[in-house]
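Remarks on the overall topology
Single-letter residue listing:
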2 protein chains.
Amino acid sequence: MSLLVVGSVAFDAIESPHGKVERTLGGAATYFAVAASFFTRVNLVGIVGEDFSDRDAAVFRGRKIDTDGLERTPGKTFFWAGRYSQDLNDRVTLATELNVFANFNPRLPEKYRSSKYIFLANIDPKLQRSVLHQVNGRPRLVALDTMNYWIERTPADLRETLRHANVLMINDSETRQLSSQHNLLRPARQLFHPGPKTLIIKRGEHGAMMVHRDGVFCVPAFPLEEPHDPTGAGDSFAGGFMGYLAGCGSAKDAALRRAMVYGSVMGSFAVERFGLDRLRHLTRREINQRARLFERLTRFTL
Amino acid sequence: MSLLVVGSVAFDAIESPHGKVERTLGGAATYFAVAASFFTRVNLVGIVGEDFSDRDAAVFRGRKIDTDGLERTPGKTFFWAGRYSQDLNDRVTLATELNVFANFNPRLPEKYRSSKYIFLANIDPKLQRSVLHQVNGRPRLVALDTMNYWIERTPADLRETLRHANVLMINDSETRQLSSQHNLLRPARQLFHPGPKTLIIKRGEHGAMMVHRDGVFCVPAFPLEEPHDPTGAGDSFAGGFMGYLAGCGSAKDAALRRAMVYGSVMGSFAVERFGLDRLRHLTRREINQRARLFERLTRFTL
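Keep in mind it's a predicted model, so treat the numbers as computed, not measured. (Residues numbered from 1 in each chain as written. Chains lettered and ligands numbered in written order. Predicted model: local features only at pLDDT ≥ 70, side-chain atom pairs only at ≥ 80, totals over all residues. Heavy atoms only, no water.)

Take the packing of aromatic side chains next. Under the defined criterion, the tally for this structure stands at 20 aromatic pairs over all chains. Taking 6.2 Å as the distance between ring centres and 35° as the angle between the ring planes, the aromatic pair formed by Phe11(B) and Phe52(B) counts as tilted. Residue Phe11(B) is located in strand β2 (residues 10-16), and its partner Phe52(B) is located in the loop between β4 (42-48) and α2 (54-57); the two are separated by 41 residues in the primary sequence. Ring centres of Phe32(B) and Phe119(B) lie 4.5 Å apart, and the angle between their planes is 0°; on these two criteria the pair is classed as stacked. In this pair, Phe32(B) sits in helix α1 (residues 28-36) while Phe119(B) sits in strand β8 (residues 117-120), placing the two residues 87 residues apart along the sequence. Given the relative accessible area of 0%, Phe32(B) is considered buried. Through successive ring pairs, a cluster of aromatic residues spans Phe39(A), Tyr244(A) and Tyr262(A). (Phe/Tyr/Trp six-rings, centres within 6.5 Å; stacked < 30°, edge-to-face > 60°. Helix = DSSP H or I, 4+ residues; strand = E, 2+ residues; numbered from the N terminus. Buried < 20%, exposed > 50% of the residue type's maximum accessible area, 1.4 Å probe, protein only.)

Next comes the structure, spelled out in structure tokens:
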């Protein structure tokens, strides 16, 4: 089924102990769309500047990604620069130049309005809500990401947006911040009334955890000897997760669990190389192989 | 099969955000023995002082724990005091009084010398080796724990002891320290030549990871809403792990995986209450129930 993503398309400058890139295509919606396109058709809504060339757009071509919703406007594309520490868990932001992204006002092309699976990447909760207002009928599943900035600055807006979401995908520090609790399990209960029914906590090298009414599901991160660049890992996870669900047209527990695994698979590939390098050259066969390795990684019999 | 544990028996004073105990029985060998005794017979070697009363020893009675190897000697029992932070991951040691433990020189009663499964809790690597010299014949499985103190102060001794171990069970920071690498996967390869063939990394609230030649197995920590006291969680994990293996008499991959789950089960119970309170009142039925919850927590089908 149709999957819509709304979020940033950006250029990133990245330093990690494994190297450095000056300018590589990134942004939440980019990672998400490329990851999800292995599973289903993706409708992309974002904004770029005049510096976004046909060569940059090439990453979307030949994939099941519709870019009619990618607005090109005078000015420069969102630029982010960051440096990762030795353990890749901490990063320092060296530059954030919003540029055209500062005026992002997502408009859905008519053909996107019937999208049934929707991912609202980390943007102003008001804009996330404006996207939902443009959707016709009732979507099957709305998932959203957010960040400390919105949790701190616009908590009421975020709460309101959460009322319309089925799945909230955030990392552990955001979970703690949102709930003012250290424990990761209790926040879910707070969120469930009247917010999303499913909380997915992305824990980086510690994997991911899904909490919903009926229970908890954990998936480890894929053990890698040399992860290069964690940028986009969470959005690639989201892409694998939502792409799988939209592809199979289900949101039942068994499907959600599989989606967690495919999300983890896509996140694990994303970090293997800088930027989108690994996802660009990935095959569906490699995805399936790694999913089976996740089985091997977690399977036991009592 | 017979399981031998050599390590500390102590009194602990513990503060956590959930409460405080002034003096409760603890020590690595104590947690290990109680946890393992649900699965197999345990031979305990340790040392206590004159302040160790019959009431203290009651924790071992009525269990499959042989305490003939628990030496009672003039002086006071090892005492440790610590305080946990809000997130229970960090702790400050407020007092370490080795007392009689400073002169611990493990002696195995004759009937212990044929033990086939051996756990050497965190003590001087030289003493760990002296235990192995007292064992008759070839043990089936030797596992050991260690800590930053020995990694820093007696690295050569530790390396020598590791040559005689099949399984090394340490936490993630110790793994990084031992290998001078942040990555948790690569250290295993260093250790495997000529050291233990299996590395088990205890990651607290992030679960545990087993690395051996053939691959990696991950088990999450059991999600708890109100963990009270992490003291002894790692030793309870080790007790469940080794107890299960000794009980089933196998050390094949499938058994090792199950042992990781039973270890996690015992660790999860240990943290639910202060000191040994939860393990003392635990039933085998509860253990089996929780093991099935671990299945539910991790199971997916592709």
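Anyway, onward from the coordinates.
Once that is clear, we can look at the side chain of His206(A). The residue His206(A) is located in the loop between β11 (198-202) and β12 (208-212) in this model. Residue His206(A) is classed as buried on the basis of its relative accessible area, which comes to 18%.

In this structure, Phe241(A) and Leu279(A) are the most contacted members of the largest nonpolar core, which totals 106 residues. Per-element tally for this core: the top contributor is helix α9 (residues 253-270) of chain A, with 10 residues. In this structure, Phe241(A) is in contact with Met169(A), Ile200(A), Leu256(A), Ala259(A), Met260(A) and Gly263(A), ignoring residues within four places of it in sequence. Grouped together as the second largest cluster of nonpolar side chains are 103 residues, Ile118(A), Phe11(B), Ala29(B) and Leu141(B) included. (Core = buried A, V, L, I, M, F, W, Y, C linked by side-chain atoms within 4.5 Å. Contact = heavy atoms within 4.5 Å.)

To continue, consider the relation of the copies chain B and chain A. Overlaying chain B with chain A gives an RMSD of 0.0 Å, the required rotation being 180° about an axis along which the chain moves by 0.0 Å. Each copy turns onto its partner about a two-fold axis. The C-alpha atom lying nearest the rotation axis in chain B is that of His206(B); the distance is 3.1 Å. (Least-squares fit on C-alpha atoms with pLDDT ≥ 70 in both.)

So, about the sheet that holds β2(B). Residue and element names in this part refer to chain B. Strand order in the open sheet made by the four strands is β3-β2-β6-β7, with mixed pairing throughout. Of all strands in the sheet, those bounded by a partner on one side alone are β3 (19-26) and β7 (91-97). Looking at each pair of strands side by side, their axes are set apart by 15° on average, direction ignored. Where strand β6 (residues 78-84) meets β7, six bridges bridge the pair, whose relative direction is antiparallel. The residue of β7 that forms the bridge with Arg 83 is Val 92. (Pairing = 2+ DSSP bridges. Axes fitted to C-alpha atoms, helices over the stretch in contact; angles between N-to-C directions.)

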